[in-house]
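One letter stands for each residue in the lines below.
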Amino acid sequence: MRYVQYCKYAGLIVVLFGFQNSSAQKKTIDQKVDSVLNLMTLEEKAGQLNQYSGDWSFTGPVTKDNTKIQQVKEGKLGSMLNVVGVEKTRLLQQYAMQSRLKIPLLFGQDVIHGFRTTFPLPLAEAASWDLEAIQLSARISAIETSAAGVHWTFAPMVDISRDPRWGRVMEGAGEDTYLGSLIAAARVKGFQGKGLGNTDVVMACAKHFAAYGAAVGGRDYNSVDMSPRMLWETYLPPFFAAKEAGAATFMNSFNDLNGIPATGNRYLQRDILKGKWNFNGFVVSDWASIGEMIAHGFAKDTSHAAQLGLSAGSDMDMESRSYIKHLPQLVREGKVKIEWLDDAVRRILRKKFELGLFDDPFKFSNEHRQQQQWNNPQHIAAAREMAKKSIVLLKNHPLPGEVGVGTLPLTNNQKVALIGPFVKAVKDNLGFWSMEWEDDSARIVPLWKGMLNKVDPANLLYAKGCNINDADTSGFAEAIETAKQSDVVVITIGEARDMSGEAKSRSSLQLPGVQNQLIAAIAATGKPIVLLIHAGRPLIFDKAASHASAILYTWWLGTEAGNAIADVLYGDYNPSGKLPITFPRTEGQIPIYYNHYSTGRPAEDEFQNNYVSAYIDLPNSPAYPFGYGLSYTSFVFTDFKLSSTSLKGNQTLTASITLTNTGRVKGKETVQLYIRDLVGKVVRPVKELKGFKQVELNPGESKVITFTITTNDLRFYDDQLIYNWEPGEFEIMIGSNSKEVQVKKINWSR
Ligand code: BGC
């Protein structure tokens, strides 16, 4: 027999291909893709590029349409988002199997930090600096998501952002390109596990390509104006890292980049991603972003938008319906090259083949598997671990009269007053991008429950004090009375779950509502205060901080939030998180980031004389620098040594430092390596992260930490955008955060 049966469920559809049946299995995926493509009409091709949302949940305007199922049966749909669960996905896949060519549907979903088990938000996970743990979190998300019939997550978001006004900082890995690139790769590897074709993986989607995190004014969806060097040096590397890690798909972005909407941006999608980087997956548009090129003033109508989008390399149209409406006609009129349409279809079909959906469109539709992964105790335990690692200790002063012992950890015999709107809050622990389930209130662990799980209830007092974001002070009196009965007050403050996320830009990063007043009122009792700050972004909380003996930044930590916070409060876990983003003193400092240029009139951190690059009303230094985070123990860095101070060509430099735990408990430090190129063809940042190592030490224990540096670590994009290193002098810096470092100078010649 002379055919290749490309789809077991296609039944009668066979493709004449010129090979013996026995060799059919050996056909490459590309050959199989072509065999399908050859059968497709223009309408069916446009259908593969078309993606609709299910009507269950959504993040943009959904076109009401009761013909969706009919369109699936007619092969006018390649993918759906917001359809989860074995039952629903199977039903829709069954409809797809009624279409002429029986091409399976792809189901995609925003699984950003967990599916059934919610992990800390991505910015919080980044604070762990623990790549293995981050990879595991993505792995678990993939296991749970794929068990629910879904093939694809719209994650990781790898947008660098230096502007905490932008609500989506919560969804990325922070401000640093080096850390962000490593995390991007870890997440992709976690999602895609041992590779597409396995049933416990989902396709990753690196988004939003590109530079979405640099929206002017931190306003979501806003324009981005950026130099090519900044783009290449700071914003593109995490995308490249995701691509190198094998990300199956990319999503473009809502913003325009230097006047060209990213969705219609040929330079980004065709020249860089599919050209220079040789990406062989496909690009999905962001929600309706193809149609939105009309509002940008870039396309005159949906037909023009479809023409521009496809020509620029946007392969799949999420919810704008421009492709399905116009592409066949645009190709007939010669306005869109058939080669480009075919290329987009091929890219999508290839992923469907790689996932194994042509062999079995229902391979992700297994009730038993779904059931097994529903409340997997190992996943819940991993979420608790990740949550502990994400918490950052920002302050830990001793209690009055005590020396050398911080306010934290608490002890079991202390009477603790838990005050604030987050003590018993449930859903706020989940953060903006998380799936909601009917039994959430029973399974999410709020702080109150986590504390009850840990200590004698007789030692716990509670008063809400105030709501998150209104002017009501009627709960203050009760809160004050409760505080008075305690040894120590733990006050939970911060943002509501829907205050950071998509379309959640804020011009003010202050604590909302009457939270500051509540803290001041409690402080007047004279009781020591521990602050827990729940937020999706860096907030400005200087007033609250001035009243606090200790501060833990607890972000939104997911399903196990309460248990994890209680673990840290009582010292069962010694906090080890480090900030992945600079915390400003005021909004006026934004954008603020540690790896800035020096300027011709550099300012020291603190108040300055006139005529230097500084504010007259504020120091340049942030409230908390990038990389900052304390521990219940103390660490000392000694014996900073370099293998040489004068290097040549391809030689390797070894930098070492001895780290000693000088405190009383076991603890983990993240030792950070920064480099500065002192003179360059183009100016270079005052320091750049180039390595880090996490080390756990017992009290009194020391360890030598070693970094190996090559000229690869010295490379940058020069004035001609050539990525190379230049000989000259460099500073090598090692320390516990971007501010507190020891410095040594070297010379590196050709
Ligand atoms: C967001 C994307 C998301 C998509 C689908 C858009 O509004 O920008 O990040 O993947 O919606 O929900």
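Preceding block: the structure.
What this report covers is the structure whose coordinates are included nearby. Nothing here was measured: the structure is a model prediction, and the numbers come from that model. (Residues numbered from 1 in each chain as written. Predicted model: local features only at pLDDT ≥ 70, side-chain atom pairs only at ≥ 80, totals over all residues. Heavy atoms only, no water.)

**Notes on the environment of Lys641**
Position of Lys641 relative to the elements: it lies in strand β19 (residues 635-642). Lys641 sits 14 residues away from Ala655 along the chain, and the two C-alpha atoms are 5.8 Å apart. Ignoring sequence-local partners within four residues, the contact set of Lys641 consists of Thr654, Ala655, Ser656 and Lys744. (Helix = DSSP H or I, 4+ residues; strand = E, 2+ residues; numbered from the N terminus. Contact = heavy atoms within 4.5 Å.)

**A short note on the sheet that holds strand β3 (residues 50-53)**
Read from one edge of the open sheet, five strands run β6-β5-β4-β3-β12, paired in parallel fashion. Every other strand in the sheet has two partners, leaving β6 (152-153) and β12 (317-318) as the edge strands with one partner each. Sheet topology note: the strand β5 (residues 106-109)/β6 ladder contains two bridges and is parallel. The partner of Gln109 across the bridge, within β6, is Thr153. (Pairing = 2+ DSSP bridges.)

**Regarding the packing of aromatic side chains**
Summed over the entire model, instances satisfying the criterion amount to 33 aromatic pairs. Plain terms: the ring middles of Trp232 and Tyr717 are 5.9 Å apart, the flat faces sit at 45° to each other, and that makes the pair tilted. Taken together, the residues span a long stretch of sequence, with Trp232 in helix α8 (residues 228-235) and Tyr717 in strand β25 (residues 716-717) at a distance of 485 residues. Using a relative accessible area of 8% as the deciding quantity, one classes Trp232 as buried. Three or more aromatic residues joined by ring pairs form one cluster here, namely Phe209, Trp232, Phe239, Phe240, Phe250, Trp277, Phe279, Tyr717 and Tyr723. (Phe/Tyr/Trp six-rings, centres within 6.5 Å; stacked < 30°, edge-to-face > 60°. Buried < 20%, exposed > 50% of the residue type's maximum accessible area, 1.4 Å probe, protein only.)

**Focus: the packing of helix α12 (residues 302-312) against helix α13 (residues 322-332)**
At their nearest, the axes of α12 and α13 sit 8 Å apart, and the two run at 80° to each other. Viewed along their axes, α12 and α13 adopt a mutual orientation that is roughly perpendicular. Only Ser322, Tyr323, His326, Leu327 and Leu330 of α13 make contact with α12, whose side of the interface consists of Thr302, Ser303, Ala306, Gln307, Gly309 and Leu310. Its residues assigned to classes, the contact of α12 with α13 shows five nonpolar, six polar and no charged. (Axes fitted to C-alpha atoms, helices over the stretch in contact; angles between N-to-C directions. Parallel < 35°, antiparallel > 145°, perpendicular 65-115°, else oblique. Nonpolar A, V, L, I, M, F, W, Y, C, P; charged D, E, K, R; others polar.)

**Here we look at unusual backbone geometry**
Of the consecutive residues Ala155 and Pro156, the connecting peptide bond is found in the cis state with omega at 10°. Following the sequence through the fold, Pro156 ends up in the loop between β6 and α7 (177-192). Here the bond from Ile590 into Pro591 is cis, since omega is 0°, no more than 30 degrees from zero. Here Pro591 shows up in the loop between α22 (561-569) and β19. Despite not being glycine, Lys102 shows a phi value in the positive range, around 55°. Inspection of the secondary structure assignment puts Lys102 in the loop between α4 (86-96) and β5.

**Points about the nonpolar core**
The biggest cluster of nonpolar side chains holds 168 residues, and the ones touching the most others in it are Phe541 and Trp555. Each of two domains, domain 1 (1-54 + 65-107 + 337-374) and domain 2 (378-582), supplies a minimum of three residues to this core. Every residue in contact with Phe541, bar those within four places of it in the chain, is listed here: Leu394, Leu511, Ile533, Ile551, Tyr553, Phe583 and Tyr624. By size, the runner-up hydrophobic cluster in this structure holds 24 residues, among which are Phe637, Leu653, Ala655 and Ile657. (Core = buried A, V, L, I, M, F, W, Y, C linked by side-chain atoms within 4.5 Å. Domains from an automatic or database assignment.)

**Considerations on the packing of helix α6 (residues 131-147) against α7**
Direction vectors running N to C along α6 and α7 enclose 35°, while the axes themselves pass 7 Å from each other. With respect to the hand of their crossing, α6 and α7 are arranged in right-handed fashion. For the pair α6 and α7, the contacting residues are Leu131, Ile134, Gln135, Ala138, Arg139, Ser141 and Ala142 in the first and Leu182, Ile183, Ala186, Arg187, Lys189, Gly190 and Phe191 in the second. When its residues are assigned to classes, the contact of α6 with α7 shows eight nonpolar, three polar and three charged. (Left-handed = near helix turned anticlockwise from the far one by under 90°.)

**Quick notes on the pattern of salt bridges**
In total, this model carries 38 salt bridges according to the counting rule given. Between Asp34 and Arg346 there is a salt bridge whose closest N-O contact spans 2.7 Å. Of this pair, Asp34 sits in helix α1 (residues 29-37) while Arg346 sits in helix α14 (residues 338-354); the two residues are 312 residues apart in sequence, bridging distant segments of the chain. Residue Arg346 is classed as partly exposed on the basis of its relative accessible area of 27%. Each of Arg116, Lys427, Glu436, Asp439, Asp440, Arg443 and Arg497 takes part in one network of salt bridges that share partners. (Salt bridge = Lys/Arg side-chain N within 4 Å of Asp/Glu carboxyl O.)

**A closer look at helix α19 (residues 476-484)**
Listed as buried for α19 are Phe476, Ala479, Thr482 and Ala483. Within α19, the buried residues cover an arc of 125° as seen down the axis, which keeps them to one side. Contacts made by the buried residues of α19 are with β14 (416-419), β15 (460-463), β16 (488-494) and α20 (515-523). (Arc of directions from axis to C-beta.)

**Structural notes on the sheet that holds strand β11 (residues 282-284)**
The strand order across the open sheet built from three strands is β7-β8-β11, with neighbouring strands paired in parallel fashion. Strands with a single pairing partner mark the edges of an open sheet, and in this sheet they are β7 (205-209) and β11. The mean angle between the axes of side-by-side strands here comes to 30°, regardless of whether they run parallel or antiparallel. Relative to β11, strand β8 (residues 249-252) runs parallel, the two being bridged by three bridges. Paired with Phe250 across the strands is Val283, a residue of β11. Strands in contact with helix α9 (residues 237-244) are β7 and β8; relative to β7, the strand with the most contacts, it is inclined by about 155°.

**Structural notes on the pairing of β16**
Of all seven residues in β16, seven are buried; the element is thus mostly enclosed. Of the two faces of β16, the one lined by Val488, Val490, Thr492 and Gly494 and the one lined by Val489, Ile491 and Ile493 are each fully buried. With four bridges connecting them, β14 and β16 associate as parallel partners. Residue pairing in the sheet places Ile419 in a bridge with Ile491 of β16. One ladder, built from six bridges, connects β16 with strand β17 (residues 529-534); its direction is parallel. Across the sheet, Ile493 pairs through a bridge with Ile533, a residue of β17.

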